[in-house]
Amino acid sequence: MAVRAIRGATQLDVDEREHLLERSAELVKAVLEANDLENEDLISILFTVTSDLRSEFPAVAGRQIGLTDVPLMCMQEIPVPHALPRVVRLMVHTETPRARDKIQHVYLHGAVALRPDLTGAQ
């Protein structure tokens, strides 16, 4: 087993609470599924949001899907002028037998533009 970090991001259409919770939950579930992870494999999840997202904490979505005993933390991204708007990012820390090159990072919706090298969107 090794400790690994898994990245992911999603872009929202609008800054509305239910939409943010839906997209955040979708992202967490997609990362867990892509990497065959269960709740007990998780060490922690860090969420960041761009400065234009204020309707809710993405960690609330994690709690709503059952991550009640995993440390979750939310932060704001640096407000870079040319940054993609309305983005929720996450970094999952986990214990896994997967080699680093077998980790599946997940980028959804407009956030695929952030890492085309990882999403095949080149």
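The structure displayed is predicted, hence computed values, not measured ones. (Residues numbered from 1 in each chain as written. Predicted model: local features only at pLDDT ≥ 70, side-chain atom pairs only at ≥ 80, totals over all residues. Heavy atoms only, no water.)

Some remarks on the overall build of the protein
Where we set the bar: Numbered from the N terminus, helices here are DSSP runs of H or I no shorter than four residues, and strands are runs of E no shorter than two. Only C-alpha atoms enter the radius of gyration; for comparison, a globular chain is expected to reach 2.2 Å times N to the power 0.38, where N is the number of residues. Whether a residue is buried, partly exposed or exposed follows from its accessible area with a 1.4 Å probe, protein chains only, as a fraction of its type maximum: under 20%, in between, or over 50%, in that order. A contact between two residues is defined here by any heavy atoms of the two lying within 4.5 Å. Using a 1.4 Å probe, the Shrake-Rupley method yields the accessible areas, and only the shown protein chains count as cover for residues.
Assigned secondary structure in the protein consists of 3 helices and 5 strands. Reading the secondary structure of the protein in the N-to-C direction produces β-α-β-α-β-β-β-α. In terms of overall dimensions, the protein is globule-like: its C-alpha atoms have a radius of gyration of 14 Å, near the 14 Å expected for 122 residues. A principal-axis box enclosing the C-alpha atoms of the protein has dimensions of 40 × 35 × 20 Å. Relative to its full complement of 122 residues, the protein shows a buried share of 39%. Considering only contacts within the protein whose residues lie at least 6 apart along the sequence, 84% involve residues at least 24 apart. For the protein, the exposed surface amounts to about 6700 Å²; the carbon and sulfur share of it is 52%.

Things to note about the UniProt feature "binding site: prephenate" (unreviewed entry) in the protein
In plain terms, the rule: UniProt positions are given in the numbering used here, feature names are shortened, and annotations may be inferred rather than shown by experiment.
Mapped onto this numbering, the UniProt entry gives "binding site: prephenate" (unreviewed entry) at Arg 7, Arg 89 and Tyr 107. Of the residues just listed, which span 101 residues, no C-alpha pair is farther apart than 8.9 Å, and they cluster in one region. Locating Arg 89 in the fold gives a position in strand S4 (residues 87-96). Judged by its relative accessible area of 15%, Arg 89 is buried. Arg 89 has contacts with Arg 7, Gly 8, Ala 9, Leu 46, Phe 47, Thr 48, Thr 50, Glu 77 and Leu 114, leaving out every residue within four places of it along the chain. Tracing the sequence through the fold places Tyr 107 in strand S5 (residues 106-108). Relative accessible area serves as the criterion here: at 7%, Tyr 107 is assigned to the buried category.

With respect to the sheet that holds S4
What counts is decided by this rule: Following DSSP output, two strands are said to pair if at least two bridges run between them. Structural elements are reduced to axes, namely lines fitted to C-alpha atoms, with helices fitted over the stretch in contact, and the angle between N-to-C directions of any two is expressed from 0 to 180 degrees.
With respect to topology, 5 strands assemble into an open sheet ordered S3-S2-S4-S1-S5, the strand pairing being mixed. This sheet does not close on itself; its edge strands, each paired only once, are strand S3 (72-76) and S5. Strand after strand, the sheet turns through a mean of 15° between neighbouring axes, direction not considered. With 10 bridges joining them, strand S1 (residues 2-11) and S4 adopt antiparallel strand pairing. Of the residues in S4, the one forming a bridge with Ile 6 is Val 92.

Let's talk about the environment of Glu 16
With respect to the secondary-structure elements, Glu 16 resides in the loop between S1 and helix H1 (17-34). Along the primary structure Glu 16 and Arg 86 are separated by 70 residues, whereas in three dimensions their C-alpha atoms are 10 Å apart.

Regarding the nonpolar core
We count it as follows: Buried Ala, Val, Leu, Ile, Met, Phe, Trp, Tyr and Cys residues that are joined via side-chain atoms within 4.5 Å together make up what is termed a nonpolar core.
Counting 26 residues, the largest nonpolar core has Leu 42, Ile 45, Phe 47 and Leu 90 as the members making the most contacts within it. Those elements giving two or more residues to this core turn out to be H1, strand S2 (42-49), helix H2 (58-64), S4 and S5. Tallying contributions element by element places H1 first for this core, with 7 residues. If we skip the residues at most four places from it in the chain, Ile 45 touches Val 28, Leu 67, Val 70, Pro 71, Leu 72, Met 73, Leu 90, Met 91 and Val 92.

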